[in-house]
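Tertiary structure, described
Residues per chain are reported as follows:
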Amino acid sequence: MDFRFDEDEESYRQELRRFAARVLAPHYQADDRAAKLRPTLAAEMASMGLTGLRVPEQHGGQQASAVVAGLAAEEVGRADFNAGYLIINTALISDILVRNATEAQQQRWLPPIAAGEVIPSLCVTEPGHGTDAARLEVRAEPDGDGWRLVGEKTSITLGMDAHTGLVLARTGGSGARGVSAFYVDLDDRFIARSAFDDLGSRAIGRASLHFDGLPVSRDQLVGAEGGGFVSVMQGFDYSRAIIGLACLGAAQVSLEEALQWARDREAFGRPIGTFQGVSFPLAAYATYLRGARHVCYEALWRKDRGLEHSTEAAMAKFWAPKLSTEVIHQCLLTFGHLGYSAESPLGQRLRDVIGLEIGDGTAQVSKLVIARNLLGRAFAP
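1. Some remarks on the pairing of strand S7 (residues 206–216)
Where strand S3 (residues 146–157) meets S7, 9 bridges bridge the pair, whose relative direction is antiparallel. Bridge pairing links tryptophan 147 to valine 216 in S7. With 5 bridges joining them, strand S6 (residues 191–195) and S7 adopt antiparallel strand pairing. Looking at S7, one finds that alanine 192 is bridged to histidine 210.

Here it is as structure tokens:
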């Protein structure tokens, strides 16, 4: 058993850390104050291959392993947590398209994503249906040889800036089998966007999208009609571990800052790290972070080898964001009044990471997946 990255992975990790510190970190707090997506961010990420990690080489991507995608999210999360959403979204959507779209569709859709020219969004959640996505109500109404999309999607990450959307819409009867997936241009002639005023991740933003008859052709259908729910939900099994690593990256850099502060700050004539009340919580959280990180990478390692990984991914999704929130909170308290200042990035990291305790699946959903896998469906909720 080898717990190290191989030579190429480690080299890429170090290169990404330098890039993130030089290009991304200086904008992290300023972008939050501006509360809008920085126009150059997608191109900057693409210059390092970060928007094409899961895109095949023949379509302009890196064809990277799931482990490398997680590594990238962790390193970007250290410097600019919100920039990590471009990795999460592009990796998840690219992976779904590679598994379900035709070769002709992939040739048309994937190169612009990999090049950072197109920002995609995942359009699943609706006002009345978040966790219970199989009951969604946005309709794909028949129109000639295609459809028109009608209804509202809400809480869409990057919804104000996305160029395209992977949209789940109802083409048939009730339940999951009546849901199809479409990859569409978000044409503002047929869509009204409403921005959210959020606690965190303000630079990325969420929005409601009101579809008013957006025309969709048959060659925009992803996979089989009625197969959209299953194809999209399968993608979450691996993206949840990438989300976990983005959160852990923000928590890890916060812990490193707090440890240095515990060496530098003196009280009662000695460094505050010499007091158990300061050092023991940091030691405990360093231990928990190590464990959560291993769970995330195990899920991605299993994904790369074609092994079942839904349990590990669900563990990563409910544990890593929750733990990261707790770690950053403790680090803020370690800094005392300086940590509470807006000049410190700790408060922003705390606000930002909390969002992924909700987004892409709540802790309750993750625990349900774990319980059913451990006990069997007949013996679990």
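2. As for a nonpolar patch on the surface
A contiguous nonpolar patch, built from Leu374, Leu375 and Phe379 and spanning about 380 Å² of accessible area, is present on the exposed surface. Topologically, leucine 375 is positioned in helix H11 (residues 363–375).

3. A short note on the environment of serine 65
Mapping serine 65 onto the fold places it in the loop between helix H3 (41–47) and helix H4 (66–79). Linking serine 65 and threonine 334, residues 269 residues apart in sequence, is a C-alpha distance of 37 Å. Those residues in contact with serine 65 that lie beyond four places of it in its chain are Glu9, Arg54 and Asp304. A distance of 3.1 Å separates a polar side-chain atom of serine 65 from the backbone nitrogen of valine 68.

4. A look at the nonpolar core
If you look at the biggest cluster of nonpolar residues, it comprises 71 residues, and the most contacted ones within it are Leu24, Met45, Leu50, Leu53, Phe81 and Leu300. Those elements that place two or more of their residues in this core are helix H1 (7–24), H3, H4, helix H5 (84–100), helix H7 (228–264), helix H8 (276–304), helix H9 (310–335) and helix H10 (346–354). Sort the elements by how many residues they give to this core and H7 lands first, with 14 residues. Residues in contact with phenylalanine 81, not counting those within four places in the same chain, are Tyr28, Val76, Ser201, Ala246, Cys247, Ala250, Asp352, Val353 and Leu356. Residues Ala133, Leu166, Ala181 and Phe236 belong to the second largest nonpolar core, which totals 25 residues.

5. Thoughts on unusual backbone geometry
One can expect most non-glycine residues to show negative phi and most peptide bonds to be in trans. Unusually for a residue other than glycine, glutamine 63 sits at a positive phi of about 50°. Checked against the element boundaries, glutamine 63 lands in the loop between H3 and H4. Within the chain, leucine 158 stands out as a residue other than glycine whose phi angle is a positive 65°. Structurally, leucine 158 can be placed in the loop between S3 and strand S4 (164–170).

6. So, H1
For H1, with 18 residues, the first-to-last C-alpha span of 25 Å sits near the 26 Å given by 1.5 Å per residue. Within H1, burial applies to Glu9, Tyr12, Arg13, Leu16, Phe19, Ala20, Val23 and Leu24. With its buried residues spanning 135° around the axis, H1 presents them on a single face. The outward face of H1, more than 90 degrees from its buried face, is lined by the exposed residues Glu7, Arg18 and Arg22. Among the residues of H1, the N-terminal cap falls to aspartate 6, whose side-chain oxygen and the backbone nitrogen of aspartate 8 are separated by 3.1 Å.

7. Quick look at the packing of H5 against helix H6 (residues 103–114)
Between two packed helices, what matters for the description is the angle formed by their axes and the separation of those axes. With their axes 11 Å apart at the nearest point, H5 and H6 run at an angle of 165° to one another. One element, H5, and the other, H6, form an angle in the roughly antiparallel class. The two elements H5 and H6 cross, and the hand of that crossing is left-handed. Touching Thr90, Ser94, Leu97 and Val98 of H5 are Gln106, Trp109, Leu110 and Ile113, all from H6. Looking at the contact of H5 with H6, its residues break down into 5 nonpolar, 3 polar and no charged.

8. Notes on the state of the cysteines
Counted according to the given criterion, the structure contains 0 disulfides. Cysteine cysteine 296 shares no disulfide, and the gap to the nearest cysteine sulfur, in cysteine 247, comes to 8.6 Å. Cysteine cysteine 331 remains unbridged, with the sulfur of cysteine 247 as its closest cysteine sulfur at 14 Å.

9. Re the pairing of strand S1 (residues 120–123)
Here S1 shows no split at all, with Pro120 and Leu122 on one side and Ser121 and Cys123 on the other all buried. Looking at chain direction, S1 and S4 are connected through 4 bridges and run parallel. Note on S4: the bridge partner recorded for proline 120 is threonine 164.

What counts, and at which threshold
- Residues numbered from 1 in each chain as written.
- Predicted model: local features only at pLDDT ≥ 70, side-chain atom pairs only at ≥ 80, totals over all residues.
- Heavy atoms only, no water.
- Pairing = 2+ DSSP bridges.
- Helix = DSSP H or I, 4+ residues; strand = E, 2+ residues; numbered from the N terminus.
- Patch = residues over 30% accessible without salt bridge, like charges linked within 9 Å, V, L, I, M, F, W, Y side chains within 5 Å.
- Areas by Shrake-Rupley, 256 points an atom, 1.4 Å probe, with all protein chains shown as cover.
- Salt bridge = Lys/Arg side-chain N within 4 Å of Asp/Glu carboxyl O.
- Contact = heavy atoms within 4.5 Å.
- Polar contact = N/O pair within 3.5 Å; in protein donor to acceptor, adjacent residues only side chain to side chain.
- Core = buried A, V, L, I, M, F, W, Y, C linked by side-chain atoms within 4.5 Å.
- Buried < 20%, exposed > 50% of the residue type's maximum accessible area, 1.4 Å probe, protein only.
- Expected span 1.5 Å × (residues − 1).
- Arc of directions from axis to C-beta.
- Axes fitted to C-alpha atoms, helices over the stretch in contact; angles between N-to-C directions.
- Parallel < 35°, antiparallel > 145°, perpendicular 65-115°, else oblique.
- Left-handed = near helix turned anticlockwise from the far one by under 90°.
- Nonpolar A, V, L, I, M, F, W, Y, C, P; charged D, E, K, R; others polar.
- Disulfide = S-S within 2.5 Å.

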